[in-house]
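Close look at the chain arrangement
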Amino acid sequence: MTSPLENLAGAGKPLALEPPDANEIAGLLRSGHARLADARNASLSLDSRFDLAYNAAHAFCLAALRRQGYRPRHRYIVFQGLPHTLGLGPEVWRVLAKAHELRNLAEYEGHVDVEERLVTDVIAMCELVAAALK
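Right, let's walk through the structure included here.

Definitions and cut-offs
- Residues numbered from 1 in each chain as written.
- Predicted model: local features only at pLDDT ≥ 70, side-chain atom pairs only at ≥ 80, totals over all residues.
- Heavy atoms only, no water.
- Salt bridge = Lys/Arg side-chain N within 4 Å of Asp/Glu carboxyl O.
- Helix = DSSP H or I, 4+ residues; strand = E, 2+ residues; numbered from the N terminus.
- Buried < 20%, exposed > 50% of the residue type's maximum accessible area, 1.4 Å probe, protein only.
- Phe/Tyr/Trp six-rings, centres within 6.5 Å; stacked < 30°, edge-to-face > 60°.
- Lys NZ or Arg CZ within 6 Å of the ring centre and 35° of its normal.

1. Some remarks on the pattern of salt bridges
Close approach of charged atoms allows side chains with opposite charge to pair. As enumerated under the stated definition, the model contains seven salt bridges in all. With a shortest N-O distance of 3.3 Å, Glu18 and Arg66 are connected by a salt bridge. Here Glu18 is found in the loop between strand 1 (15-17) and helix 2 (22-39), whereas its partner Arg66 is found in helix 3 (residues 46-67), with 48 residues between them in sequence. Taking relative accessible area as the criterion, Glu18 reaches 29% and is therefore assigned partly exposed. Salt-bridge contacts for Arg117 lead to Asp121; the nearest nitrogen and oxygen are separated by 3.0 Å. With Arg117 and Asp121 both in helix 7 (residues 116-133) and four residues apart, the pair spans about one turn of that helix. Using a relative accessible area of 59% as the deciding quantity, one classes Arg117 as exposed. The exposure class assigned to Asp121 is partly exposed, which follows from its relative accessible area of 22%. Connected via shared salt-bridge partners are Glu18, Glu24, Arg66 and Arg71.

In structure tokens:
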């Protein structure tokens, strides 16, 4: 029986099979922890804290996916894969998917409207992902 991640891998699919690389994963974890620590810094602007928290979450989720031997072809799949990489449910990946949508609006359309609650939620979900990686 194939796993859900295996079903998402292949030509034209959102994942590619690629052996895990311990150095890459360690680098992603270092980056995630550094960005998460900075995202908690209330003296930074809310936009900066959001960017740091989002990128920390992405680094952690990418590390989880890479640890399983997959590389994403799209950024969002790292969040949607959380049930299969770390056993985390929709209460986690939906917050991170929402952050991804907002990140895209900021990056591609220049629309930035970050609320404190979302930043707090992204930081909290990022902490859950980091804890699940241990």
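Picking up after the structure, the text goes on.
2. Topic: the packing of aromatic side chains
Summed over all chains, the structure comprises two aromatic pairs. Each residue in the set Phe50, Tyr54 and Phe79 is aromatic and connected to the rest through ring pairs, giving one cluster. The ring of Trp93 has Arg94 lying over it, and the distance from NZ or CZ to the ring centre is 5.5 Å.

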